[in-house]
Amino acid sequence: MLLRSAATALITASFFGTVVTQNETNATTCNFCPEGLPDKDKYSDVWNMTCGEISAYAKLTSPLGCETMFLPATIECGCSYEIPEGNCDICPEGLDYPDDPVWSLSGIMPYNLTCSGLVGISTMSNESHLCDSYAGFAAADCGCPVPEGYVLCDVPRGTVPEPDRFSEELNTTCGEFADMIHYGPAMPNERCDMSLQFLSSVCGPETIECAFCPEGYELQYPDAIYDNETNA
């Protein structure tokens, strides 16, 4: 499932549905490897299926954003592609641990991607919003720089008093949603603020007004000191 809940959609809204090429505009399905597969039986380590199976899966996928989603398979399956000028450079100083998994993509992409794989597919784009999105994931899991105007969104302690409470609105538990924010990709500052406000409104502590005196009564001795031992 690409977007397992509304919560994930909120956090990663800029990653999908934004790449629509001229070839995709009038398409009804995702056109993966349009010039044909060199070897349909080649196994993809990223997708854990053959290139032929990936091609069949793509036909069931919406054309919106599919170019981004299938970039790793484009590389692994030997499909023809061009690296554009001014392409993304999301980790200019290189990767210390290129084989580390990109955990922040878990549950979002239908495959497992390493840091080197993420850097590889990022080089196939030169659109600034996509470069920033790729860089956001790389910053979270690969030690790459956080893009300008982005932030690793920290969920303050105490924001979610009942992490195991399931929210129909989020379609997940409050704790899982908090983890998606806290351990998710770097995101624009305003999206971090929006995510934290949304989390607090749905999962935050309820405010209970408790009056010391019952309704209709007034506190007559507000400065009196209560003795806990004598109850007086």
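In this text the structure is predicted, and so the values were computed from the model without any measurement.

A.B. asks: Honestly, the overall build of the protein in this entry has me stumped. Any pointers?
C.D. replies: Within the protein one finds nine helices and six strands. A buried classification covers 39% of the 232 residues belonging to the protein. Long-range pairs, those at least 24 residues apart, make up 69% of the contacts in the protein with a sequence separation of at least 6. Working note: accessible area of the protein is about 14100 Å², and carbon and sulfur atoms make up 50% of it.

A.B. asks: Help me understand helix α6 (residues 115–122) in this model?
C.D. replies: Residues three or four positions apart in an α-helix share a direction because the helix packs 3.6 residues into each turn. Taken as a whole, α6 has its buried residues at C115, L118, I121 and S122. Projected down its long axis, α6 carries its buried residues within an arc of 130°, all on one side.

A.B. asks: Would you mind showing me how to read the pattern of salt bridges here?
C.D. replies: Should their charged atoms come close, side chains of opposite charge can pair. Under the counting rule described, the total for this entry stands at one salt bridge. With its nearest N and O atoms 3.9 Å apart, the salt bridge here joins R165 to E162. By relative accessible area, R165 is classed as partly exposed at 31%.

A.B. asks: Just to check I follow, could you spell out the nonpolar core for this structure?
C.D. replies: Taken as a class, soluble globular proteins show a tendency for nonpolar side chains to be buried jointly. By size, the foremost hydrophobic cluster in this structure holds 33 residues, and its most contacted members are F32, F70, I90, L118 and Y134. Looking at this core, the elements that each hand over two or more residues are α3 (51–58), α4 (66–69), α5 (71–76), α6 and α7 (128–141). By residue number, the principal contributor to this core is α7, which donates six residues. Beyond its immediate sequence surroundings of up to four residues, I90 is in contact with L118, V119, S122, C131, Y134, A135, A138, C144 and P145. Core analysis: the second largest hydrophobic core is formed by 15 residues, C174, I181, M187 and L196 among them.

A.B. asks: Explanation requested: unusual backbone geometry in the structure shown.
C.D. replies: It is generally the case that most residues other than glycine have a negative phi and that most peptide bonds are trans. Despite not being glycine, N48 shows a phi value in the positive range, around 60°. With respect to the secondary-structure elements, N48 resides in the loop between β1 (43–44) and β2 (49–50). Its relative accessible area of 44% is what places N48 among the partly exposed residues. Positive phi, normally seen in glycine, also occurs at N171, with a value near 60°. Position of N171 among the secondary structure elements: in the loop between β4 (166–167) and β5 (172–173).

A.B. asks: Teacher, can you tell me more about the environment of C192 here?
C.D. replies: By the secondary structure assignment, C192 is in helix α9 (residues 189–203). Sequence spacing of C192 and D154 is 38 residues, and the spatial spacing of their C-alpha atoms is 8.5 Å. What C192 contacts, discounting residues up to four positions off in sequence, is V151, C153 and M187.

A.B. asks: I tried to follow the state of the cysteines on my own but got confused; where do I start?
C.D. replies: Two cysteines form a disulfide when their sulfur atoms are joined by a covalent bond. Counted by the stated rule, this structure contains seven disulfides. Sulfur-sulfur distance for the disulfide between C88 and C131 comes to 1.9 Å. In this structure, the disulfide formed by C88 and C131 twists by about -85° around the S-S bond and is classed as left-handed. With a gap of 43 residues between them, C88 in the loop between α5 and α6 and C131 in helix α7 connect regions that are remote in the sequence.

A.B. asks: How should a nonpolar patch on the surface be read in this particular structure?
C.D. replies: On the surface, I75, Y81 and I83 cluster together into a nonpolar patch covering about 270 Å² of accessible area. Positionally, I83 belongs in the loop between α5 and α6. The class for I83 is exposed, based on a relative accessible area of 53%.

A.B. asks: What should I look at first to understand the environment of G78 in this one?
C.D. replies: For G78, the location among the structural elements is in the loop between α5 and α6. G78 gets classed as partly exposed once you look at its relative accessible area, which sits at 43%. Along the backbone, G78 and K42 are 36 residues apart, and their C-alpha atoms lie at a distance of 9.5 Å. If sequence neighbours within four positions are ignored, G78 has contacts with P38 and A73.

A.B. asks: Is there a simple way to think about the packing of aromatic side chains in this case?
C.D. replies: Any aromatic ring pair is given by two values, namely how distant the centres are and how the planes are angled relative to each other. Tallied over the full model, the rule gives two aromatic pairs. Geometrically, the ring pair formed by W47 and Y57 is edge-to-face, given 5.6 Å between the ring centres and 65° between the ring planes. Taken together, the residues W47 in the loop between β1 and β2 and Y57 in helix α3 connect sequence positions 10 residues apart. For W47, a relative accessible area of 4% gives the class buried. On the basis of relative accessibility, which here comes to 31%, the residue Y57 falls in the partly exposed class. Between F177 and F198 the ring centres are 6.0 Å apart and the planes differ by 80°, which places this aromatic pair in the edge-to-face class. Here F177 is found in helix α8 (residues 174–182), whereas its partner F198 is found in helix α9, with 21 residues between them in sequence. Given a relative accessible area of 0%, F177 falls into the buried group. For F198, a relative accessible area of 25% puts it in the partly exposed group.

Rules of the game
- Residues numbered from 1 in each chain as written.
- Predicted model: local features only at pLDDT ≥ 70, side-chain atom pairs only at ≥ 80, totals over all residues.
- Heavy atoms only, no water.
- Helix = DSSP H or I, 4+ residues; strand = E, 2+ residues; numbered from the N terminus.
- Buried < 20%, exposed > 50% of the residue type's maximum accessible area, 1.4 Å probe, protein only.
- Contact = heavy atoms within 4.5 Å.
- Areas by Shrake-Rupley, 256 points an atom, 1.4 Å probe, with all protein chains shown as cover.
- Arc of directions from axis to C-beta.
- Salt bridge = Lys/Arg side-chain N within 4 Å of Asp/Glu carboxyl O.
- Core = buried A, V, L, I, M, F, W, Y, C linked by side-chain atoms within 4.5 Å.
- Disulfide = S-S within 2.5 Å.
- Patch = residues over 30% accessible without salt bridge, like charges linked within 9 Å, V, L, I, M, F, W, Y side chains within 5 Å.
- Phe/Tyr/Trp six-rings, centres within 6.5 Å; stacked < 30°, edge-to-face > 60°.

The analysis is restricted to geometry; functional conclusions fall outside its scope.
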